[in-house]
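Coordinates in review
Below, each chain spelled out in residue letters.
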Amino acid sequence: MMRAILTKKKLVLSNAHRFISITNLSRCISTLILAEHESGSIKPQTVSTVVAANHLGESSSVSLLLAGSGSSLQEAASQAASCHPSVSEVLVADSDRFEYPLAEPWAKLVDFVRQQRDYSHILASSSSFGKNILPRVAALLDVSPVTDVVKILGSNEFIRPIYAGNALCRVRYTGAGPCVLTIRTTSFPVTPITESKKATISQIDLSKFKEDAVSRSRYVGQSTQDTERPDLGSARVVITGGRALKSVENFKMIEKLAEKLGGAVGATRAAVDAGYVPNDLQVGQTGKIVAPELYMAFGVSGAIQHLAGIKDSKVIVAVNKDADAPIFQVADYGLVGDLFEVIPELLEKLPEKK
Amino acid sequence: HQTHKSAPLTNLRTMKILVAVKRVVDYAVKIRVKPDKTGVDTQNVKMSMNPFCEIALEEALRIKEAGFAKEVVAVSIGPPQCVDTLRTGLAMGADRGIHVEANSSFLPLTIAKILKSLADVENPGLIFLGKQAIDDDCNQTGQMVAALLGWPQATFASKVVVLDKDKQFATVDREVDGGLETLSVDLPAVITTDLRLNQPRYATLPNIMKAKSKPIKKMTLEDLKVDIKSDIEIVEVTEPKKRKSGVIVSSVDELIDKLKNEAHASLWNYYRFSGFGVDGGPAAKKLALKLNLANANLSSRLWVTLSNIEVRQASVTIVSLIAIGGVIFVIRKIFGAYLAVYFTIVSPILYDIYNNGPEDRYFSPFWIELFKISLQLQIFRSYKAKIMQSMRMDE
């Protein structure tokens, strides 16, 4: 009889456990994603963020929030509606206030939208846009955000890199408010989409949207590089030069090699500091994180901070005069030699891209 | 919730700048994850001021030295050792320090709330922070302080920040993904600093001595009426997967070879010699050319139209003929004759005999090849004969 009682207890306990997990599942996951758009189309980082949102759980609805002004916004909205089958709705905020991605009005907008519909998760990519705006959103909502997520283990458990990627921290969000995340997009690649589904597009009523009239920030200007080369963050091949290149002229060799291989150009912090290349080419812990198929580093010593940005590359090739350079410890193929001889030889011997 | 409206600044010369500095593991240290996975080992490890915080403090000092501010106050939140970090800041030139006692490591949101409370007390015109701490790499605190205060923010500042004395705003260049963006922010504002903003100064010995007498005020969370927010718990800290160790190659040729054959980098899909592919590959293409030419030539000479031979079938046939012919030649004398026939017809096509005259460079290699093969086969035959002989002798 004791056995019967014990088994009965076990049954009750296991049933209770099942009951709890069922109630967890029934908590619906609805995600709001801060979308980035440029010249009438959604940026690939936003699509990666949608892919990440799918990892949050089974029943998830994904809404994209687009803000801006004018026809390019509406074009981007219509493109966003079919950018990924998981997108259920596109919210459009059309106003001059959002012409430039300033953190103050945008954060207020997210709060405004959230007040009208309850979201369990608010996401953005870990780009300079997302990193600038989302922590501000989190503070307005009085929640702790989780930034630079590389892996999603559940609706509230994530992995993010710390110490320049030399350690991975698994965290659990235990708060009551929405879970605010920025996603490292190189960890969530976009697979080609087979089904096409068009989401609904709704214009947000901004009549009740109030903004701070007192202390503001204003957009003055920008200087961006306009190249035909692939974007550094999403290129399949990245060729990087370090300080050993010694001049802006010499960096043209790197550019030629990148062009030959159809890749993007990257640089180390030292090269950017020395003025050989503009800052948006910097790869590393505080620059861009890249994860290409092929990463070639010329004259790069391999400082911890630089390696943080390239660890997820499939194949790393390093060329350096110094056989003891730390880069050789992470490189799959290393060549100890003078890059001023190796690069011209490579340019000569590499077959043409068909 | 209420937005913070600070007292209007009548004169920038009385402006205070608050700089938050964090004590972190030194950037050059190679960190180790604790075996129990609770965190990173920070015992007996060199600690310093976060490099971005140094840059933030340096910028604040430069603004004060340019006459746009009166006082630079350094703040650090953490265990008693933070006082060392504050002393470094004072040695660099900060006027006074504030140490907020906290033993556990707080989440950025709590730090932001502490800084907000301090700002309510101190009323600074600018708050400078480093864009991120190199230990947790969060990049959140500055933005959150700005939100809690309702102040504008200029994050990832590079290039010198210029203050306008009359109009009370700052012009900031920011490093963004596409390049540089310039914003102008009304004061009071929060600015987080990026790498290229400045080169922090070293603390000189006289300044280090002076720093010993500068005041450091101690405060607690109760003083500031801040509740600790702990809505994120650390489950575990692990090491990332190590990359397989690589190889050192000795030449560019070897590198290209390895990339082609070993790396399987999809890059090389562009160049790969697809063995046969759909149409037989490059080797077959050449064969097709030769076949067609030979066909044409033969038909014209023999007044017979030879049917079109499909290249793929031809290549397969040729390969198998070589194999079979060789084997049979060794075993049976008669088939050697067949092989000779094969050699006279097929190989010439391969070696372009019909299309080239004796002066062409393809001509002689054919005969050399033919000679080589027949020689090898003769040797095989003699070996076979010897074996047969020895077997007969054994019987």
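Residues numbered from 1 in each chain as written. Chains lettered and ligands numbered in written order. Predicted model: local features only at pLDDT ≥ 70, side-chain atom pairs only at ≥ 80, totals over all residues. Heavy atoms only, no water.

**A look at the pairing of strand β11 (residues 179–183) of chain A**
Residues and elements named next belong to chain A. Note the cut-off: Only protein chains enter the accessibility calculation, which uses a 1.4 Å probe. A residue is then buried if its area is under 20% of the maximum for its type, exposed if over 50%, and partly exposed in between. Helix numbers and strand numbers start at the N terminus; a helix is a DSSP run of H or I with at least 4 residues, a strand a run of E with at least 2. Should DSSP find at least two bridges between two strands, the strands are regarded as paired.
The buried count for β11 comes to five of five residues, which makes it a mostly enclosed element. Judged from the five bridges that link them, strand β6 (residues 121–125) and β11 form a sheet pairing that is parallel. Across the sheet, residue Ser125 finds its bridge partner in β11, namely Ile183. Pairing analysis gives two bridges linking strand β7 (residues 146–149) to β11, with the strands arranged parallel. Residue Val146 lies in a different strand from β11, and its bridge partner there is Leu181.

**Digging into the sheet that holds strand β5 (residues 87–94) of chain A**
Residue and element names in this part refer to chain A. We count it as follows: Think of each axis as a best-fit line through the C-alpha atoms, taken over the contacting stretch in the case of a helix, with angles from 0 to 180 degrees between the N-to-C directions.
Spatially, seven strands are ordered β7-β11-β6-β1-β4-β5-β12 in an open sheet, and the strand pairing comes out parallel. In the strand order of this sheet, the two ends are held by β7 and β12 (200–203), each with one partner. Between one strand axis and the next, the sheet turns by 25° as a mean value, whatever way the strands run. Inspection of the sheet shows strand β4 (residues 60–68) paired to β5 by seven bridges, in the parallel sense. The residue of β5 that forms the bridge with Ala67 is Ala93.

**Overview of the domain arrangement of chain A**
Residue and element names in this part refer to chain A. Let me state the cut-off plainly: For every domain, the bounds stem from an assignment made automatically or drawn from a database. Throughout, a residue-residue contact means that at least one pair of heavy atoms, one from each residue, lies within 4.5 Å. Throughout, the accessible surface (probe 1.4 Å) given up by two parts as they are put together, summed over both, is called the buried area. Any Lys or Arg side-chain nitrogen found within 4 Å of a carboxyl oxygen on Asp or Glu counts as a salt bridge. In protein, a polar contact requires one atom able to donate a hydrogen and another able to accept it; more generally it is a pair of N or O atoms within 3.5 Å, and residues adjacent in sequence count only if both atoms are side-chain atoms.
For chain A, the domain assignment lists domain 1 (30–203) and domain 2 (237–349). On a C-alpha basis, the centres of domain 1 and domain 2 stand 31 Å from each other. Taken together, the contacts link five residues of domain 1 with seven residues of domain 2. The junction of domain 1 with domain 2 conceals about 590 Å² of combined surface from both sides, 47% of it contributed by carbon and sulfur atoms. Considering only the side of domain 1, the residues that lose the most area to domain 2 are Ala164, Arg184 and Thr186, jointly responsible for 73% of the buried surface there. Remark: the boundary between domain 1 and domain 2 carries zero salt bridges. At the boundary of domain 1 with domain 2, the tally comes to two residue pairs in polar contact (both at pLDDT 80 or more).

**Some remarks on the pattern of salt bridges**
Scanning the entire structure with this criterion turns up 32 salt bridges over all chains. One continuous salt-bridge network, built from bridges that share partners, spans Glu157, Arg170 and Arg172 of chain A together with Glu233 of chain B.

**Things to note about the confidence of the model for chain B**
All names here are of chain B. So the rule is basically this: pLDDT expresses how confident the predictor is about each individual residue, on a scale running from 0 to 100.
When pLDDT is averaged along chain B, the result is 80; 66% of the residues meet or exceed 70. In the predicted structure, residues 1–7 sits below a pLDDT of 50 and forms nine contacts with residues beyond four places in sequence or in another chain. Long-range and interchain partners of residues 353–360, a stretch whose pLDDT sits below 50, account for 21 contacts in this model, where long-range means more than four residues apart. Across the whole predicted complex the pTM is 0.76, and at the interface the ipTM reaches 0.86.

**So, the interface of chain A and chain B**
Our working definition: Put simply, Ala, Val, Leu, Ile, Met, Phe, Trp, Tyr, Cys and Pro go in the nonpolar bin, Asp, Glu, Lys and Arg in the charged bin, and everything else, Gly too, in the polar bin.
Every contact between the two is made by 93 residues of chain A and, on the other side, 85 residues of chain B. Where chain A abuts chain B, roughly 7500 Å² becomes buried across the two surfaces, and 54% of that area is made up of carbon and sulfur atoms. Where chain A packs against chain B, one counts seven salt bridges. The closest approach of N and O atoms between Arg196 of chain B and Asp273 of chain A, which form a salt bridge, is 2.9 Å. Counting across the chain A and chain B interface gives 45 residue pairs in polar contact (both at pLDDT 80 or more). Looking at the side of chain A that touches chain B element by element, the count peaks at eight residues for strand β13 (residues 217–224) of chain A. Residue composition of the side of chain A that touches chain B, by class: 41 nonpolar, 24 polar and 28 charged. Inspection of the sheet shows strand β10 (residues 167–173) of chain A paired to strand β12 (residues 232–238) of chain B by six bridges, in the antiparallel sense.

**Things to note about the environment of Glu71 of chain B**
Residue and element names in this part refer to chain B. Note that Glu71 resides in strand β4 (residues 71–78). Considering only alpha carbons, one finds Glu71 and Pro206, 135 residues apart in sequence, at a separation of 20 Å. Setting aside anything within four residues of it in sequence, one finds Glu71 in contact with Met15, Lys16, Ile17, Asp95 and Arg96. For Glu71, the side chain forms a polar contact with the side chain of Arg96, separated by 2.7 Å.

**Observations concerning the pairing of strand β17 (residues 315–320) of chain A**
All names here are of chain A. Taking burial as the measure, the six residues of β17 include six buried ones, the bulk of the element. Note: strand β16 (residues 294–298) against β17, five bridges, orientation parallel. Residue pairing for β17: Tyr295 is matched across the bridge by Ile316. Sheet topology note: the β17/strand β18 (residues 333–336) ladder contains four bridges and is parallel. Directly across from Asn320, in β18, lies its bridge partner Val336.

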